[in-house]
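# Remarks on the overall topology
Below are the chains, spelled out letter by letter.
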Amino acid sequence: MKPQIDESWLNVLKNEFASDYFAELKQFLLNEKRAGKVIYPPGADIFNAFNYTPLPEVKCVILGQDPYHGPNQAHGLCFSVRKGIKAPPSLVNVYKEIKADLGHDIPNHGELTEWASQGVLLLNAVLTVQAHQAASHQKRGWENFTDAAIKAVSNELEGVVFMLWGKFAQSKSSLIDGSKHLILQTTHPSPFSANYGFLGSRHFSKCNAYLKSKDKLPIDWSLK
């Protein structure tokens, strides 16, 4: 069965889909469903980060760790929730920083698909989770898959901005060629750590300044 993922990503990740670890991951997910466990996001949304942002269009990468594990939250883009769902605390802090950095009003929703459609790859390291069980699908193979995706961006493209928020995201910096990309690092926007570096980091204006220096269109970080 052909994975429901954008062709540009399928071309660079086909070896991952054919790997032993991915076969084991698929079997794990099937077994979880057969056992009656609820998995987020819905199957059709698992690869949304790749489908909203084809590889040639990636200008910025924001890395998350796990999907949200509450009902109707996760839809395949890190930090994002569908319209009508309350914005989680970390995303609220992201909005606060954008307002302080760029002056954009804080939106009344938490859906970030407008960013994704402009070239912001909103990638979680783990693409699924069991309902109400944070980190329940870690170390099942997703990290291998998303590491390969990060490497593909680094190897195939030039002039991409990587925003690494928190220790987990920063641990991925070794996958990125810093000589041809911009790596921005600070604390996670979680309420527990945002005041220790994230708020005031000005990552969004720094991203756009760098993109302009590479003759790329900047990201419109405002959300309608």
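Residues numbered from 1 in each chain as written. Predicted model: local features only at pLDDT ≥ 70, side-chain atom pairs only at ≥ 80, totals over all residues. Heavy atoms only, no water.

### Details of empty space enclosed by the protein
Considering all chains together, one arrives at one cavity of 30 Å³ or more under this definition. A volume near 50 Å³ is recorded for the largest cavity. Grouping the amino acids of the lining of the largest cavity by side-chain chemistry returns seven nonpolar, two polar and one charged. (1 Å grid on protein atoms, 1.4 Å probe; cavity = no way out; pocket = protein on both sides within 12 Å on 5 of 7 lines; lining within 4 Å. Points joined across faces, edges and corners; volume = space filled by probe spheres on them. Nonpolar A, V, L, I, M, F, W, Y, C, P; charged D, E, K, R; others polar.)

### A short note on the pattern of salt bridges
Pairs can form between side chains of opposite charge whenever their charged atoms are close. Applying the stated criterion across every chain yields a total of seven salt bridges. Between Arg82 and Glu111 there is a salt bridge, with its nearest N and O atoms 3.8 Å apart. In this pair, Arg82 is assigned in the loop between strand 2 (60–64) and helix 4 (89–102) and Glu111 in the loop between helix 4 and helix 5 (113–116), connecting sequence segments 29 residues apart. A salt bridge links Asp220 to Lys224, with the nearest nitrogen and oxygen atoms 3.6 Å apart. (Salt bridge = Lys/Arg side-chain N within 4 Å of Asp/Glu carboxyl O. Helix = DSSP H or I, 4+ residues; strand = E, 2+ residues; numbered from the N terminus.)

### Looking at the sheet that holds strand 2
The strand order 3-2-5-6 describes an open sheet built from four strands, whose pairing is parallel. Single-partner strands in this sheet number two, and they are strand 3 (120–124) and strand 6 (182–186). Taken pair by pair, the neighbouring strands of this sheet meet at an average axis angle of 20°, ignoring direction. Here strand 2 pairs with strand 5 (residues 161–165) via three bridges, running parallel. Across the sheet, residue Val61 finds its bridge partner in strand 5, namely Phe162. (Pairing = 2+ DSSP bridges. Axes fitted to C-alpha atoms, helices over the stretch in contact; angles between N-to-C directions.)

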